[in-house]
Amino acid sequence: NLSDYEKQTLNKLTYFINKTFKRFDNDFNIVKRKMFNHKDSKDARELMMSFQKRKKLLNNCVNKCQAVLKILKEEQFNKCIIYNEFIDFANNLSAYLMINGLENFVYHSNIKKKELILEQFKNSNSKILICVKALDEGLNIPDLDLGIITSSSSQERQTIQRVGRVLRYQKDKKAKIYNIYVSGSKEELWLRKRTAGL
């Protein structure tokens, strides 16, 4: 669930989006074209920024940190990967877990020595890796048996790649994947869309 402040912010964004998007016939292609038309460019840019702000607000919902912590404390697992869309949320989640006694590694585009981070994660006692998009492809850690997706796009391909990281075959392995989303929001619709074919 969203906090009261997040709900207020989301309501304002949704009101502006619904009102303004109608002026562009609810068509993203029209909005994109109008961004370069001097007469309508300001409204089109503000609308696109509002879509991004809404997505970021839903992806970075503060209560998701508590949901992740609850899962990690209740589950028995060898290695866990936590997928996020935004670097600031990944860093905040990492700090939150550390404060609650759960060591972790963070992996995203602003981190130097990425290969070292992966090696340390594979070979250390720390069982949690928090990442942003960068590990959707190419990761091979067979003993990964827990995946948590805290935010994502509506793309089915991205979900398949992420699920594939966790479900990679290892004898007698049982894996679990959690999707955390804001109930009753666009994020729930994105989740249903991207998992429809799975």
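Before any of the text, the structure's been laid out above.
Remember, predicted model here, so these are calculated numbers, not experimental data. Here the residue numbering is sequential within each chain, running from 1 through the sequence in written order. Whole-chain, interface and lining totals are the exception, using all residues; otherwise, since this is a predicted model, local features are given only for residues with pLDDT of at least 70 and side-chain atom pairs are given and counted only at 80 or more. The basis for every side-chain value is the complete set of non-hydrogen atoms in the structure, without hydrogens or water.

A. Quick peek at the sheet that holds strand E1 (residues 79-84). Between any two strands, pairing holds if DSSP finds at least two bridges. A run of H or I in DSSP becomes a helix once it reaches four residues, and a run of E becomes a strand once it reaches two; helices and strands are each numbered from the N terminus. If you trace the 5 strands from one edge of the open sheet to the other, you get E2-E3-E1-E4-E5, paired in parallel fashion. Sheet topology places strand E2 (105-107) and strand E5 (176-179) at the edges, where each strand pairs with a single neighbour. Between one strand axis and the next, the sheet turns by 15° as a mean value, whatever way the strands run. Docked against the sheet, helix H5 (residues 87-99) engages E1, E2 and strand E3 (128-132), running at close to 165° with respect to E3. Interaxial angle, 0 to 180 degrees, is taken between N-to-C directions of lines fitted to C-alpha atoms, where a helix line uses only the stretch in contact. By definition in these notes, contact holds between two residues if any of their heavy atoms fall within 4.5 Å.

B. Region of the structure containing the pattern of salt bridges. Counted as salt bridges are all cases of a side-chain nitrogen of Lys or Arg within 4 Å of a carboxyl oxygen of Asp or Glu. On inspection of all chains with the given rule, the structure shows 7 salt bridges. The partner of Arg23 in a salt bridge is Asp43, and the shortest N-O contact between them spans 2.5 Å. You can see Arg23 sitting in the loop between helix H1 (4-22) and helix H2 (28-34) and its partner Asp43 sitting in helix H3 (residues 41-59), a full 20 residues away along the chain. Among the salt bridges present, the one from Asp88 reaches Lys56, with a minimum N-O distance of 3.5 Å. Of this pair, Asp88 sits in helix H5 while Lys56 sits in helix H3, and the two are 32 residues apart along the sequence. Each residue is placed in one exposure class: buried if its accessible area under a 1.4 Å probe, protein chains only, is under 20% of its type's maximum, exposed if it is over 50%, and partly exposed if it falls in between. Residue Asp88 is classed as partly exposed on the basis of its relative accessible area of 33%.

C. Layout of the environment of Asn104. Relative to the elements of secondary structure, Asn104 occurs in the loop between H5 and E2. The class of Asn104 is buried, set by a relative accessible area of 9%. C-alpha separation for the pair Asn104 and Leu129, spaced 25 residues apart in sequence, amounts to 5.7 Å. The contacts of Asn104, once residues within four sequence positions are left out, are Ser94, Leu97, Met98, Ser126, Ile128 and Ile130. Distance and chemistry together define a polar contact, namely a pair of N or O atoms within 3.5 Å, with one atom able to donate a hydrogen and the other to accept it when in protein, and with adjacent residues in sequence counting only for side-chain atoms on both sides. Among the polar contacts made by the side chain of Asn104, one reaches the side chain of Ser94 at a distance of 2.6 Å. Polar side-chain contacts of Asn104 include one of 3.1 Å to the backbone oxygen of Leu102.

D. Structural context of the packing of helix H4 (residues 63-74) against H5. Two elements in contact, H4 and H5, have axes whose closest approach is 10 Å; the angle formed by their N-to-C orientations is 50°. Classified by the angle between their axes, H4 and H5 sit oblique to one another. Every pair of crossing elements has a handedness; the one defined by H4 and H5 is right-handed. Residues Lys64, Cys65, Gln66, Val68, Leu69 and Leu72 of H4 pack against Phe89, Leu93, Tyr96 and Leu97 of H5. When residues are sorted by character, Ala, Val, Leu, Ile, Met, Phe, Trp, Tyr, Cys and Pro go into the nonpolar class, Asp, Glu, Lys and Arg into the charged class, and all the rest, Gly among them, into the polar class. A breakdown of the residues in the contact of H4 with H5 according to their chemical character gives 8 nonpolar, 1 polar and 1 charged. In this scheme, roughly parallel covers angles under 35 degrees and roughly antiparallel covers those over 145, while 65 to 115 is roughly perpendicular and the rest are oblique. Two helices cross in a left-handed way if the nearer one is turned anticlockwise from the farther one by less than a right angle. They cross in a right-handed way if the turn is clockwise.

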